[in-house]
Amino acid sequence: MALVTDLQPAALRRAYSRFPSGIAALCAVVDGQPQGIVASSFTVGVSMDPPLVMFAVQNTSRTWPVLRPAARIGVSILGSEHEGICKQIASKSGDRFAGLNLHTDESGSLFLDRAALWLECSVENEVPAGDHSVVLLRVHGHASHDDAHEPLVFHGSAFRHLSVAEFA
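Before going into details, it helps to say that this report is about the structure given with it.

Calculation rules
- Residues numbered from 1 in each chain as written.
- Predicted model: local features only at pLDDT ≥ 70, side-chain atom pairs only at ≥ 80, totals over all residues.
- Heavy atoms only, no water.
- Salt bridge = Lys/Arg side-chain N within 4 Å of Asp/Glu carboxyl O.
- Helix = DSSP H or I, 4+ residues; strand = E, 2+ residues; numbered from the N terminus.
- Buried < 20%, exposed > 50% of the residue type's maximum accessible area, 1.4 Å probe, protein only.
- Pairing = 2+ DSSP bridges.
- Axes fitted to C-alpha atoms, helices over the stretch in contact; angles between N-to-C directions.

### Concerning the pattern of salt bridges
Opposite charge on two side chains makes pairing possible when the charged atoms of those side chains draw close.
Here is step 1: By the definition in use, this model includes 5 salt bridges.
Here is step 2: For Arg-68, the salt bridge goes to Glu-126, with nearest N and O atoms at 2.9 Å. Within this pair, whereas Arg-68 is found in the loop between helix H2 (64-67) and strand S6 (73-77), its partner Glu-126 is found in strand S9 (residues 117-129), the two being separated by 58 residues in sequence.
Here is step 3: Judged by relative accessible area, which is 35%, Arg-68 ranks as partly exposed.
Here is step 4: Judged by relative accessible area, Glu-126 falls into the partly exposed class, the value being 25%.
Here is step 5: In this structure, Glu-81 engages Arg-114 in a salt bridge whose closest nitrogen and oxygen atoms are separated by 2.4 Å.

### Looking at the sheet that holds strand S12 (residues 158-161)
Here is step 1: Read across the open sheet, the 3 strands follow the order S1-S11-S12; overall the sheet is antiparallel. Only two strands of the sheet have a single partner each, and these edge strands are strand S1 (21-22) and S12.
Here is step 2: Summarising the sheet, strand S11 (residues 152-155) and S12 pair through 4 bridges and their orientation is antiparallel. Looking at S12, one finds that Leu-152 is bridged to His-161.

### Quick look at the sheet that holds strand S5 (residues 51-58)
Here is step 1: Strand order in the open sheet formed by 7 strands is S3-S2-S6-S9-S10-S5-S4, with antiparallel pairing between adjacent strands. Strands with a single pairing partner mark the edges of an open sheet, and in this sheet they are strand S3 (33-39) and strand S4 (43-48). Within the sheet, the average angular offset between the axes of one strand and its neighbour, ignoring direction, is 35°.
Here is step 2: Both strand S2 (residues 24-30) and S3 contribute to a ladder of 7 bridges, which runs antiparallel. Within S3, the position partnered with Val-30 by the bridge is Gln-33.

Here's what the structure looks like:
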């Protein structure tokens, strides 16, 4: 097998699409308005002590500079029925939160109903990484909903759903 040396963005996107990932909506109420971004680069288990997770955000994001100063950010790992919601929050126009069932608390964290996992986080550190920044988030609380909602998966540039293999 010969390695492909084409490192142009389109070729890298195709290559990276072979790695399945969950999708996280990172949301908070900022100045009385819901704000949020969607990340397929979200990673859990970066550190257990202190509890850290991370994601990468494009340097060109217009929403991250608005969301970044929030005291707490609600991370919702999107559930299998959130495909349309993912597209809605990721859109660049319109009311990205219209009609969504949202939960918030006094910290301003904003969570999506029927998510596979909720994490309440704060920004711990941000590290420049080429055309992105890697953002470390400190986890302050979590809720897994007792496996009631399967996660949505992004693989091969498409949304996928998990299925459990049955063994005889």
